Amino acid sequence: MSDAALRRTPFHEQHEDLGAKLVPFAGWEMPVTYEGIREEHSAVRTHVGMFDVSHMGEVEVEGPGALAFLQRVLSNDVAKIELGGAQYSCLCNETGGVIDDLFTYRLGGDRYLIVTNAANHETDLAWLGRWSREFDVSVRDVADRYAMLAVQGPHARAVLSAALRIELPPRMRAWPVKIGRRPALACGTGYTGEDGVEILIDPEVAAPIWAELLDAGVVPCGLGARDTLRLEVCFPLHGNELSAERNPIEAGLGWCCAEATGFVGSDAVAEARANGTAEKLAPFLIEGAGIPRPGNPVLAGAETVGTVSSGTFSPSLEVGAGMAYLRSDLAEPGTEIEIDVRGKHRRARVASKPLYRKVG
Amino acid sequence: MSDANYPDDLRYHDQHDWARLEGDDHAVFGITWYAQDSLGEVVFYDGPEVGATVQKDSSYAEVESVKAVSDVIAPLSGEIVEINDALEDTPEKINDDPYGDGWLVKVRLTSPEEAGSLLAAAEYQKLLES
């Protein structure tokens, strides 16, 4: 895709003003970093950072058949979402492959908002549209209605509620608020392993809200830090850990699959859960030098036993860290493996989740 | 990090490497300000040992940032006679001072005449702007 075709978020001017390094990402021009990934990473671990995640899509599902429809397409038990609740789910195909992973927020009795990954938004819409025909429900693409900002870190709530003068929802809850005198949605969710809030706001007020949070000392963070933060706490990324060729069981997402609901793909997921899978996703740390990267082969002895799905330098742990799909019998914490990093065999060890754990 | 700069006393390779010629047949190599800026904070440097040979236009080392790994291309051919040991513990010197403390290797040139094909600072900067 040429640069000319890249979409820009409502925060684009703010990124340019700060001299962000902008890169193409899923058809959008997004900031990868402003002042440096390590600095931004550490701001979120110790203080508070904000991420423009307006590239993510939103889909509104509404109607008397909303619950029955979502129960059919989402892997989790949607009936458990209370009013003002949030839930993580997979969107599976008939063979249990993961089309996308998403958060669902219940905004009203039969009104839900789904947040999609930018790269999958159109695919998700088509899939949801197709299955919705069997239900009394409307599925609307509302991505253009929202700018989305993730404010994350131990001080996120204090700073955000003081700056915007709003009451914030607790973790895994979402409720309507007024931000910039416009209706907005505040969600107690995130992708960093830190406490924090994601706000969906009117694109018209994106610029002043950004400026207000910047004044309040919130550190702008790019996709680079977003990736290192999520990797340290082993959150999967669609396109790396998740794909239409992998089921949620091998990805370690069995906890968000309620096969009893009969969702699309539930038979395949039940089969994988009962019989196990050939490979499993496992986090690992390099012992010594070397930084693993996606696609690196994993070795045990002379044998290739897996592939790295995500790898980076962990700013918190200051070592190479990653996740890999490994032969299931090797996916146990403590197992010694080697990562073939561009021809050099780097010693590594399977670890337990999360790789980074908050002290105290 | 420093501001963009391309010293006039260096010769440049279009893959964003520099060579500082010393005497008739020695040179110090490093990566340019543009290279380190594109890469971001360097967290790991994997270079050759003294005695290794390097071939003009071929990779002889790797620099890695949090986000990406990049090959370092030799601007000239020769044999490594000295390496910058400090980079093992403080690879960020490559960002802080790409033409000074962030130098990578010193090489005894086997074909000093190759230097004729390298770019002057102004030519290299023109390449960056194109």
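Refer to the structure printed above.
As a starting point, this report considers the structure included with it.

The rules behind each value
Residues numbered from 1 in each chain as written. Chains lettered and ligands numbered in written order. Predicted model: local features only at pLDDT ≥ 70, side-chain atom pairs only at ≥ 80, totals over all residues. Heavy atoms only, no water. Contact = heavy atoms within 4.5 Å. Buried area = accessible area lost by both parts, 1.4 Å probe. Salt bridge = Lys/Arg side-chain N within 4 Å of Asp/Glu carboxyl O. Polar contact = N/O pair within 3.5 Å; in protein donor to acceptor, adjacent residues only side chain to side chain. Helix = DSSP H or I, 4+ residues; strand = E, 2+ residues; numbered from the N terminus. Nonpolar A, V, L, I, M, F, W, Y, C, P; charged D, E, K, R; others polar. Pairing = 2+ DSSP bridges. Axes fitted to C-alpha atoms, helices over the stretch in contact; angles between N-to-C directions. Parallel < 35°, antiparallel > 145°, perpendicular 65-115°, else oblique. Left-handed = near helix turned anticlockwise from the far one by under 90°. Buried < 20%, exposed > 50% of the residue type's maximum accessible area, 1.4 Å probe, protein only.

**Points about the interface of chain B and chain A**
Then step 1. Taken together, the contacts link 15 residues of chain B with 18 residues of chain A.
Then step 2. A per-residue breakdown of the area chain B buries against chain A is headed by B:E41, B:V66 and B:K67, which together make up 42% of the total.
Then step 3. At the surface where chain B touches chain A, the tally comes to 5 salt bridges.
Then step 4. Of the charged contacts in the structure, one is a salt bridge between A:R342 and B:E62, with a shortest N-O distance of 2.9 Å.
Then step 5. The interface formed by chain B and chain A holds 12 residue pairs in polar contact (both at pLDDT 80 or more) in total.
Then step 6. Those elements that place two or more of their residues in the side of chain B that touches chain A are α1 (33-39), β4 (42-46), β6 (59-65) and β7 (69-73) of chain B.
Then step 7. When the residues that make up the side of chain B that touches chain A are grouped by side-chain class, the tally is 5 nonpolar, 3 polar and 7 charged.

**As for unusual backbone geometry**
Then step 1. Residue A:P354 is bonded to the preceding A:K353 through a cis peptide linkage, with omega at -10 degrees.
Then step 2. Its location among the elements puts A:P354 in the segment after β19 (344-350).
Then step 3. Located in the positive-phi region is A:A26, a residue other than glycine, with phi close to 50 degrees.
Then step 4. Tracing the backbone shows A:A26 in the loop between β1 (21-25) and β2 (28-33).
Then step 5. The phi dihedral of B:H16 is positive, around 75 degrees, even though this residue is not glycine.

**A short note on the side chain of A:H121**
All names here are of chain A.
Then step 1. Mapped onto the elements of the fold, H121 is located in helix α4 (residues 121-132).
Then step 2. A polar contact of 2.8 Å, which involves the side chain of H121, links it to the side chain of T116.
Then step 3. Excluding residues that lie within four positions of it along the chain, H121 makes contacts with G57, E58, V59, T116, D141 and A143.

**Some details on the sheet that holds strand β1 (residues 11-13) of chain B**
All names here are of chain B.
Then step 1. Ordered by their spatial adjacency, 6 strands build an open sheet running β1-β2-β3-β9-β8-β5, and the pairing between neighbours is antiparallel. Because the sheet does not close on itself, it has two edges, and the strands there are β1 and β5 (53-54).
Then step 2. Bridging between β1 and strand β2 (residues 17-22) involves 3 bridges; their strand directions are antiparallel. By the bridge assignment, R11 is partnered in β2 with A19.

**Quick word on the packing of helix α2 (residues 37-46) of chain A against helix α7 (residues 223-232) of chain A**
All names here are of chain A.
Then step 1. Orientation of α2 relative to α7, taken along the N-to-C sense of each, is 55 degrees, at an axis distance of 8 Å. With respect to α7, the element α2 is oriented oblique. Crossing of α2 over α7 shows right-handed handedness. For the pair α2 and α7, the contacting residues are I37, E40, H41, V44 and R45 in the first and G224, A225, T228, L229 and E232 in the second.
Then step 2. Residues belonging to the contact of α2 with α7 are distributed by class as follows: 4 nonpolar, 3 polar and 3 charged.

**Structural notes on the pattern of salt bridges**
Opposite charge on two side chains lets them pair, provided their charged atoms get close.
Then step 1. Here the structure, examined in full by the defined rule, presents 35 salt bridges over all chains.
Then step 2. Among the ionic pairs, B:E22 bridges to B:K106, the shortest N-O distance being 3.2 Å. Taken together, the residues B:E22 in strand β2 and B:K106 in strand β9 (residues 105-109) connect sequence positions 84 residues apart.
Then step 3. Relative accessible area serves as the criterion here: at 22%, B:K106 is assigned to the partly exposed category.
Then step 4. The structure contains a network of salt bridges with shared partners spanning A:E60, A:E62, A:R111, A:R140 and A:R145.

Interpretation note: all reported values are geometric properties and have no functional meaning in isolation.
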